[in-house]
Each structure stands twice: as C-alpha cells, then as structure tokens.
Amino acid sequence: MGEGGLLNSPTSITGLHLVKVRLPRLSVVLLPGIGVQLTIAAKLELSGNCLVGLLSELIDILVDVNITANIKCTNFESGTVQVIIEDCLCILGAIRIKLLSGLLSLSVNEIVLNQLTATLPGLLCPVVDIVVNLVNIQLLGTLNAVIPVGTAGTIHYQLASLPFTSGLFLGLDLDGAVKQVGGSIIPHDSSSSALPPLLDKLLVLGLRQSFLNAVLSLLIQIPPQTFTCTPEVCSTCHGTSPLSIKLTLSGNPLIILEENKATVELSVMIQVFVKRLDGPLLNLLLLKADLSLNAHVSIAGGRLVLGLSLGSISLSLESSDVGISNISDLKPHCSSLLAETLLPLINGALGIGIPLPNVLGIPLIKVDIQILAGLLVILV
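Residues numbered from 1 in each chain as written. Predicted model: local features only at pLDDT ≥ 70, side-chain atom pairs only at ≥ 80, totals over all residues. Heavy atoms only, no water.

- You'll find the protein entered in an unreviewed UniProt entry as BPI fold-containing family B member 4-like, with Grus japonensis given as the organism.

### Remarks on the overall build of the protein
Turning to step 1, where the next piece is worked out: If you tally the helices and strands in the protein, you get 3 helices and 18 strands.
Turning to step 2, where the next piece is worked out: Relative to a compact globule of 380 residues, whose C-alpha radius of gyration would be 21 Å, the protein shows 34 Å and is clearly more extended.
Turning to step 3, where the next piece is worked out: For the protein, the residues scored as buried account for 42% of the 380 residues in total.
Turning to step 4, where the next piece is worked out: At a minimum sequence separation of 6, the contacts of the protein that also span at least 24 residues come to 62%.
Turning to step 5, where the next piece is worked out: A total accessible area of about 19,400 Å² is found for the protein, and carbon and sulfur atoms account for 59% of it.
Turning to step 6, where the next piece is worked out: If you average the places of the 18 positive and of the 25 negative side-chain charges in the protein, the two averages end up 6 Å apart. (Helix = DSSP H or I, 4+ residues; strand = E, 2+ residues; numbered from the N terminus. Rg over C-alpha atoms; globule rule 2.2 N^0.38 Å. Buried < 20%, exposed > 50% of the residue type's maximum accessible area, 1.4 Å probe, protein only. Contact = heavy atoms within 4.5 Å. Areas by Shrake-Rupley, 256 points an atom, 1.4 Å probe, with all protein chains shown as cover. Lys, Arg positive; Asp, Glu negative; His and termini not counted. Charge placed at Lys NZ, Arg CZ, Asp CG, Glu CD.)

### Some remarks on the pattern of salt bridges
Turning to step 1, where the next piece is worked out: Applying the stated criterion across every chain yields a total of 6 salt bridges.
Turning to step 2, where the next piece is worked out: Across the pair aspartate 64 and arginine 96 runs a salt bridge whose closest N-O atoms are separated by 3.7 Å. Within this pair, whereas aspartate 64 is found in strand β3 (residues 55–77), its partner arginine 96 is found in strand β4 (residues 80–99), the two being separated by 32 residues in sequence.
Turning to step 3, where the next piece is worked out: Among the ionic pairs, arginine 208 bridges to aspartate 175, the shortest N-O distance being 2.8 Å. Linking arginine 208 in strand β10 (residues 203–208) with aspartate 175 in strand β8 (residues 170–180), this pair joins segments that are 33 residues apart in sequence. There is no split in this pair, since arginine 208 and aspartate 175 are both buried.
Turning to step 4, where the next piece is worked out: Linked through salt bridges whose partners overlap, the residues forming this network are Lys43, Asp64 and Arg96. (Salt bridge = Lys/Arg side-chain N within 4 Å of Asp/Glu carboxyl O.)

### Digging into the pairing of β4
Along any regular strand the residues' side chains alternate between the sheet's two faces.
Turning to step 1, where the next piece is worked out: For β3 and β4, the ladder comprises 16 bridges, and the chain directions are antiparallel. In the sheet register, alanine 69 faces β4, and the bridge partner there is cysteine 88.
Turning to step 2, where the next piece is worked out: Linking two consecutive strands that pair antiparallel, namely β3 and β4, is a turn of 2 residues; a positive phi of about 55° is found at serine 78 within it. (Pairing = 2+ DSSP bridges.)

### A few points about helix α2 (residues 209–219)
Turning to step 1, where the next piece is worked out: Burial of α2 is extensive: 10 of the 11 residues sit out of reach of the surface.
Turning to step 2, where the next piece is worked out: Every buried residue belonging to α2 is among Ser210, Phe211, Leu212, Asn213, Ala214, Val215, Leu216, Ser217, Leu218 and Leu219, and all of these are buried.

### Things to note about the environment of histidine 17
Turning to step 1, where the next piece is worked out: As for its position among the elements, histidine 17 is in strand β1 (residues 11–31).
Turning to step 2, where the next piece is worked out: Of the residues examined, histidine 17 reaches a relative accessible area of 43% and is grouped as partly exposed.
Turning to step 3, where the next piece is worked out: If we skip the residues at most four places from it in the chain, histidine 17 touches Glu45, Leu46 and Ser47.
Turning to step 4, where the next piece is worked out: A polar contact of 2.9 Å, which involves the side chain of histidine 17, links it to the backbone oxygen of glycine 15. (Polar contact = N/O pair within 3.5 Å; in protein donor to acceptor, adjacent residues only side chain to side chain.)

### Looking at the sheet that holds strand β16 (residues 354–355)
Turning to step 1, where the next piece is worked out: Spatially, 6 strands are ordered β11-β12-β13-β14-β15-β16 in an open sheet, and the strand pairing comes out antiparallel. Edge positions in the sheet fall to β11 (225–228) and β16, since each has one partner strand and no second.
Turning to step 2, where the next piece is worked out: As paired strands, β11 and strand β12 (residues 243–258) are joined by 4 bridges and run antiparallel to one another. In the strand pairing of β12, threonine 228 is matched with serine 244.
Turning to step 3, where the next piece is worked out: Strand contacts of α2: β12, β13 (261–274), β15 (303–319) and β16, with the helix running at about 160° to β12, the strand carrying the most contacts.
Turning to step 4, where the next piece is worked out: Helix α3 (residues 331–350) contacts β11, β12, β13, β14 (282–300) and β15 of the sheet and is inclined by roughly 145° relative to β15. (Axes fitted to C-alpha atoms, helices over the stretch in contact; angles between N-to-C directions.)

### Structural notes on the environment of glutamine 180
Turning to step 1, where the next piece is worked out: Considering the arrangement of structural elements, one finds glutamine 180 in strand β8.
Turning to step 2, where the next piece is worked out: Of the residues examined, glutamine 180 reaches a relative accessible area of 26% and is grouped as partly exposed.
Turning to step 3, where the next piece is worked out: For glutamine 180 and threonine 151, which are 29 residues apart along the polypeptide, the C-alpha to C-alpha distance reads 9.1 Å.
Turning to step 4, where the next piece is worked out: In contact with glutamine 180, other than residues within four places in its own chain, are Ala152, Gly153, Ile186, Leu218 and Gln221.
Turning to step 5, where the next piece is worked out: A polar contact of 2.7 Å, which involves the side chain of glutamine 180, links it to the side chain of serine 184.

### Concerning the side chain of asparagine 136
Turning to step 1, where the next piece is worked out: Tracing the backbone shows asparagine 136 in helix α1 (residues 106–143).
Turning to step 2, where the next piece is worked out: At 3.1 Å, the side chain of asparagine 136 forms a polar contact with the backbone nitrogen of valine 83.
Turning to step 3, where the next piece is worked out: Residues in contact with asparagine 136, not counting those within four places in the same chain, are Val81, Gln82 and Val83.

### Quick word on the confidence of the model for the protein
Turning to step 1, where the next piece is worked out: Of the residues in the protein, 90% have a pLDDT of 70 or more, and the chain-wide mean is 86.
Turning to step 2, where the next piece is worked out: Every residue in residues 1–7 scores below 50 in pLDDT, and together they form 10 contacts with partners more than four places removed in sequence or on other chains. (pLDDT = per-residue confidence, 0-100.)

### Re the packing of aromatic side chains
Turning to step 1, where the next piece is worked out: Scanning the entire structure with this criterion turns up 1 aromatic pair.
Turning to step 2, where the next piece is worked out: Note on tyrosine 157 and phenylalanine 211: the rings are 5.7 Å apart at their centroids and 55° apart in plane angle, and the pair reads as tilted. Taken as a pair, tyrosine 157 in strand β6 (residues 153–159) and phenylalanine 211 in helix α2 lie far apart in primary sequence, 54 residues in all. Assigned by exposure class, tyrosine 157 and phenylalanine 211 land together as buried. (Phe/Tyr/Trp six-rings, centres within 6.5 Å; stacked < 30°, edge-to-face > 60°.)

### Focus on unusual backbone geometry
Turning to step 1, where the next piece is worked out: Look at asparagine 260: it is not a glycine, yet its phi comes out positive at around 60°.
Turning to step 2, where the next piece is worked out: Position of asparagine 260 relative to the elements: it lies in the loop between β12 and β13.
Turning to step 3, where the next piece is worked out: Overall, asparagine 260 belongs to the exposed group, its relative accessible area being 62%.
Turning to step 4, where the next piece is worked out: If you check the backbone angles, lysine 366 has positive phi at about 55° while not being a glycine.
Turning to step 5, where the next piece is worked out: Relative to the assigned elements, lysine 366 resides in the loop between β16 and β17 (368–372).
Turning to step 6, where the next piece is worked out: Judged by its relative accessible area of 80%, lysine 366 falls in the exposed class.

Okay, structure coming up:
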C-alpha cells in the first residue's frame, strides 16, 4: 500500500447508473413577479464498475443533491400559457463511496467527485424540465377545459392573463367562453382583472362580473309562465277569477358585485288579461317589474352556487286596454306573486351551479369566498 502500490494504480469508473432515488423533499417558494422557486433535496444511489489497475469491482455511491429551479409562466396567448424553467442549479452535497473490496484510494474519491460534478447537473436539470412540462400539460388540461353546464350549454375555461405571483399567493384570473346548446357564444367583456393581495391563502381564483353575467344568461332561460289567478297559484288571488297572468323575463339577468355583496337585477313583464270567447285578449294591465335579488354565494361539489331572494321591486305601467293608470297599490301583490311563482323557478335553474375548473386537481373544499367590486374571489 506504499508508493506505487495497488491503490495508486490508474483508476476509472464505467457503467455508472442510477439505482434508486430515496424519497425527495420538495419545497416551493413564491417569487414576486417571477413565479415559483422549486427546491428538491434527494439522495441518489448509484452503482457502476471501478477499474483499479487491472482489477474490476463494483462501486456503490450515495450522493446528496440539491436542485433549485425557478419556474415561470410565459407566452400568454388566447388564454393559454407555457410553464418553463428559467434557471436550474444543481449542487452536490455529501458523497459516500463503497467498494466491494473495501479498499478506497484518494484517486477513486477524486474521480467520483469530478465525474458527478461534471455530469449530474446536465442530467438532473433536464429531468426537472420534463416534470415541469408534465405540470404544464396538467395545468392546461385542468384549466383550459370545456365543462358542461347541465343541458344548457358549456363553459370553455381559460386564463384572462398570465398567472400572478406575490411572495404570498398564486393568483389565476379565470375567463371562459360561455356557449349555448346549438353553438352560439354569449358575449362578455374578457379584459383581465387585478387580484387583491390576500395574506392567508396560497391559491386565489378570480371570476369577473362580466363572465358571471354570461353564465347567468345561460342558466336563467325560463319560458313565459301563464296561469289563472287562483289561491293555489298566488296567495293574493281570492276565489275563482276569469283573470289570467303571464310572466315573461325581459332582457338578460345582471349580477352586480360590490364589497361583500352580490345582487342580481332582473326585469319581468307582468301581463294581466282576460280571455274573450269571441275576440282577442283583453289586456287589463301590462307591468314591468324591475327586481333586485339578493344573492347568496357558496361552493358545493366543485360548483359555484347562487341562491336568490327578493330584495326590492320597482313597478312601471307599460299599457292598459281599460285605462288603468294608478298602480301604486299593486306593488305588494306583485311582490308576493313573483316570490311565490317565478323565484322558485329561477333558483331551480341556478341550483345546478356553475362548474369550476379542477385546477391541478386541487379540491375546492373548505374554501372561502370574497366579493369585491366587479370581482368574485375564491380562496383555496
């Protein structure tokens, strides 16, 4: 073992390969304005053949590696993004080497260190890049998705802008094409929104007022309702009556998002008429009722659910074939009529909920909802 002995013979290592990756530890840090910093700490078990002089034997290597990669979203176009690695740094830690013979020379240590330092970063960073590409596929697969809305139509979700990161949360401003059965798209303003800085949540999903209006127009499609004025239909009708009432939605519903408050505005035409046996209908009253409906917002089963209750009503006279001009006493009767007949139909239409995208498979369980001016925020 002196100078010129076996352990000082020329040494080389061949056939070095990965045997096992011990369970890695992952940590994620949000980088303001950049994206995400991913750190992977792992132990790699390697094996190969060590040639010392003319002797060949197995060599086992256990090496600690620490990989740090900065990940960002870029190339935003038509609601899609590309997730890429901007920087990748691989640092080797402790290295433990074991030869079958138990003999170990300084030259073996040096060769192992030099070879791993030269090769591992070039091998491991591309592996991380492959993983990030898979995350990109999963992100687009779960976010850029077409989801049916009952039998009324579909929502094709996509991003309104690049994902936003602060040092505290990742924000996704969601948008989508709302399409009716038959193929027509309900237009809405698709401009992006600024998500608020929320301190205690990691993932923030934003839904804009204009997008929700398009979805409400898809869901609330109730045909005109005609019925005879009887106590069974409306509590304000007494006894039998020749009167008939027709309720027709006028225009599209409009949701108004304010600080900690959501309101749905809806217009309804109320026609009170008598059927003649030998002539056209006699239109006693045609009223326009502008409703302000209080909206309760919740999430159940991965869906955004709105429940409406009557807040206020404003009546205006459109026409009367019999000269009625004073409708001041009709407001409480119309309020009861709409609350008992039309509102249950609207809530029934909304009951299926607005399906939300399953972003990266993260379940929407025990989430919070915050209502801001023009924006509904889901906090995961």
